[in-house]
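Each chain is listed here by its residues.
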Amino acid sequence: MDARKSSILIGFVVVASLLIIVLGLLPGAKMLSLESVLRVLWAPDGQIDSILVWTLRLPRSLAASIAGAGLAVSGYLLQALTRNPLADPGITGVTAGAIAPIVGCSVLLPWLSSAYYPFVGLAGGLAAASVTFWVSRGGNGRPLHLALGGVSISLFLNAITIYVLLLAGPQSTALLFWLSGGFQGRTWSHVIHMLPWAIVGVAGALLLHRVIAMFSLSDHAAAGMGLQRNVWKPILLVLGTCPVAGVAPVAGPVAFVGLAAPHIARLLKPRGAVWEIALTAAIGALIVTCADLIGRTIAIPKELPVGIITALLGGPIFIYLIQRGRLDFKGQGA
Amino acid sequence: MTAGSQALRRPTPWLLPTAVLLVFLSFAAAVFLGVVDIPASDIAAVLTGDGSPEARSIILDIRLPRIATGILAGIQFAVAGFLLQTITRNPLADPSLMGVSQGATLTVTVFLLFTVYIFNPGSNTVAELPIAWLPAAAMVGGMTAGGLIYLLAFKLDLSPLRITLCGIAIGAVLHALAIGLIAGWGSARIEIILEWLSGSLYARTWEHALFLLPFTMAGLVVLPLIYRPLVLLQFDAPVARSFGVSYRKQFSVALLVSCALAASAVGAVGPIVFVGLIVPHLARFLARRHFPIVLPLTVVLGAVIVTLCDLIGRLVGRAEEVPIGVVTAIVGVPVLLALLRNAP
């Protein structure tokens, strides 16, 4: 596919995301008309509609799309890094690694400002991912092996997380709500806290697209092109973990986006790594924004957390990919 | 006896006796040690039908039922893991990796949350929860997850290794659903669900042990019957067929047995992680892959490890005890990492 078609494709996905965001401003406890939403978007007037849109619904939708873009690119980076089509923040243990220490801090070190949580999440996510990658070098780096390592570490961290919740007592309700993954009541400050981390991941991936593309080559070919794996590996791992570290304190775990979005982007066959990354980010944003919209409209006035929606959508996609043999990566050290 | 197993070295003859001795030692330690210090002479008196009323109630109503429940659950998790590892040809399969535990967890959560709404609207008291029904609820979910695995295996015609991956996906989805439900509808019951969810033997009674007993017995009776075909499941379907074994039939039977064992255990004690994964491994390692010994050793070690991990959790936390699921996770992860790291 040439560059023009690729850019049209991305334009299409971005427009679709924007449309979903605008449409997502309509439903809620008070239904708004499209006309009034567009009016207050253009000129906020401090009336009830304007407050609803600008302080409740818009930041929430933006938070969802930023989180989606970040998680999708995180999955893309982890898949490229490990040459393993199953890699995603959930399966490699990055998400559980970010979540567990954040839960621990909020219960055991309540004086720690939540502004530090992304750093805590980054450290935990990096540690968990490092252990998974170290472990998956056994078994010749087969995809199954990486998945087993990551899922086992996640099981371990989940057991610890639930124990900490048990110790937390009454506080556990709020933490559990966060653990089910969602954007209910997220405000502009959440958006601002999350944004730099997502930008680091997405912009870093776009800047380094040549390096990332080289990672998909065989070891010999990559070395012949001058790729220093051992230098770039930790850099890409940090880049891939940053969005998760930013998203986790705000939205909790949002499963399967990092896995599904890159695969969907690849199915559309854009031209070259840079377009693929941009498309991945756009599709990730679209998926999470849609999931959030579904979650808060399907059972008004109750809300379903977005994590449940993405899990319900992502699980079947995952099984479909496995069944179609798309996750086998033959001949690339699989 | 297959020809292959004779080529392997024989295990040391004292292996099984040592293991049985270990059972008695861990059992004795679990009876004699605890948060409340009781002199050994008093405990001996209780065990011979004598002793003070306090000692009697602590030993007979608290420690012994708890140990019995733990032993039965440990055996069930270990055997369930052994069966799953055999049929998926994946040495690291486990009820909690294949989604069986998560399925059981989800239905138990639903049950805990909604029985109160159905039977006693407006009431939040824990005492009214029908605990005795939990294992039955867990069976529904665990067997459903098993049914999904069966469909994936035979409708989609997946290879055993791909079935493991699908099991991981199913587990992730069911876990997300359970957490979402607890967050959305948990309210006053959150604490009791969390405690159960972390895998705990706290306050288990004879009722729990009696519930598990028939499952353990049934499993132990069925196992010798499906034992020899199981060996052949390690080969491809055509090879198994040439030995007169239907791959599909053996897969289904082993899956059914392992789901029933794992689900009932989850219902009684919560999802205790890593036991089903590590015990069969340890058994294979100790038995030097000598197949006839692996299974009895799995049964024995399942009982020992759960008893010891629970004892550790009781002693470490003293009054605020650490749930056994946390202890098995902490003990299990280094073992698992070493196994994965050194895999061929």
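Quick caveat, the model's predicted, so the values are computed rather than measured.

A. Spotlight on the overall build of chain A. The helix and strand inventory of chain A stands at 14 helices and 0 strands. From first element to last, N terminus to C terminus, chain A shows the α and β order α-α-α-α-α-α-α-α-α-α-α-α-α-α. The principal-axis extents of the C-alpha atoms in chain A amount to approximately 65 × 55 × 35 Å. Looking at chain A residue by residue over its 334 residues, the buried ones come to 57%. Across chain A, every contact between residues at least 6 apart in sequence was considered, and the portion connecting residues at least 24 apart equals 74%. Carbon and sulfur atoms form 70% of the exposed surface of chain A, whose accessible area is close to 13,700 Å².

B. The arrangement of the interface of chain B and chain A in detail. Of the residues lining the interface, 51 residues belong to chain B; the matching set on chain A comes to 47 residues. When the two sides are added together, the surface that chain B and chain A hide from each other amounts to roughly 4,100 Å², 80% of it contributed by carbon and sulfur. Applying the counting criterion to the chain B and chain A interface returns 2 residue pairs in polar contact (both at pLDDT 80 or more). For the side of chain B that touches chain A, the secondary structure elements donating two or more residues are α7 (160–185), α8 (190–197) and α14 (324–341) of chain B. Ranked by the residues each element gives to the side of chain B that touches chain A, the list is headed by α7(B), at 20 residues. Looking at the side of chain B that touches chain A residue by residue, the classes come out as 36 nonpolar, 9 polar and 6 charged.

C. Quick peek at the side chain of S6(A). Residues and elements named next belong to chain A. Here S6 lies in helix α1 (residues 3–24). On the basis of relative accessibility, which here comes to 1%, the residue S6 falls in the buried class. Within the local environment of S6, its side chain forms a polar contact with the backbone nitrogen of R271, the two atoms lying 3.0 Å apart.

D. A look at the environment of T144(B). All names here are of chain B. Here T144 lies in helix α6 (residues 134–154). We classify T144 as partly exposed; its relative accessible area is 46%. C-alpha separation for the pair T144 and R189, spaced 45 residues apart in sequence, amounts to 25 Å. A polar contact is formed between the side chain of T144 and the backbone oxygen of V140, at a distance of 2.5 Å.

E. Just the packing of aromatic side chains, in detail. All names here are of chain B. Counted under the stated rule, the structure contains 6 aromatic pairs over all chains. A centroid spacing of 5.0 Å and a plane angle of 55° characterise the contact between Y150 and F154, whose relative ring orientation is tilted. Highlighted residues: Y150 and F154, both in helix α6, separated by 4 residues, approximately one helical turn. With centroids separated by 5.2 Å and ring planes inclined at 45°, the aromatic side chains of F211 and F215 adopt a geometry described as tilted. Of this pair, F211 and F215 both sit in helix α9 (residues 206–232), 4 residues apart, which is roughly one turn of that helix. According to the relative accessible area criterion, F215 is partly exposed, its value standing at 23%. Taken together through their ring pairs, the aromatic side chains of Y150, F154, Y247 and F251 make up a single cluster.

F. Main features of the confidence of the model for chain B. Looking at chain B as a whole, the pLDDT averages 84, with 91% of positions reaching at least 70. In this model, residues 1–7 of chain B is a region of pLDDT below 50 whose contacts with residues beyond four sequence positions or in other chains number 5 contacts.

G. The nonpolar core, seen in detail. Formed by 206 residues in total, the largest nonpolar core has its most connected members in I212(A), F318(A), L83(B) and F274(B). Within the second largest apolar cluster, 12 residues are counted, among which are I20(A), L279(A), I283(A) and L293(A).

H. Molecular detail of a nonpolar patch on the surface. All names here are of chain A. On the surface, a cluster of nonpolar side chains totalling about 430 Å² of accessible area is made up of V15, L19, L23, L34 and L38. Here the nonpolar patch takes 3 residues from α1, the largest share from any one element. Residue position: L23 is located in helix α1.

I. Up close: the environment of I182(B). Residue placement: I182(B) occurs in helix α7. The exposure class assigned to I182(B) is buried, which follows from its relative accessible area of 0%. With 159 residues separating them along the chain, I182(B) and V23(B) place their C-alpha atoms 37 Å apart. If near-sequence neighbours (up to four positions away) are discounted, I182(B) is found in contact with L176(A), T109(B), L113(B), I190(B), I193(B) and L197(B).

Analysis parameters
- Residues numbered from 1 in each chain as written.
- Chains lettered and ligands numbered in written order.
- Predicted model: local features only at pLDDT ≥ 70, side-chain atom pairs only at ≥ 80, totals over all residues.
- Heavy atoms only, no water.
- Helix = DSSP H or I, 4+ residues; strand = E, 2+ residues; numbered from the N terminus.
- Buried < 20%, exposed > 50% of the residue type's maximum accessible area, 1.4 Å probe, protein only.
- Contact = heavy atoms within 4.5 Å.
- Areas by Shrake-Rupley, 256 points an atom, 1.4 Å probe, with all protein chains shown as cover.
- Buried area = accessible area lost by both parts, 1.4 Å probe.
- Polar contact = N/O pair within 3.5 Å; in protein donor to acceptor, adjacent residues only side chain to side chain.
- Nonpolar A, V, L, I, M, F, W, Y, C, P; charged D, E, K, R; others polar.
- Phe/Tyr/Trp six-rings, centres within 6.5 Å; stacked < 30°, edge-to-face > 60°.
- pLDDT = per-residue confidence, 0-100.
- Core = buried A, V, L, I, M, F, W, Y, C linked by side-chain atoms within 4.5 Å.
- Patch = residues over 30% accessible without salt bridge, like charges linked within 9 Å, V, L, I, M, F, W, Y side chains within 5 Å.
- Salt bridge = Lys/Arg side-chain N within 4 Å of Asp/Glu carboxyl O.

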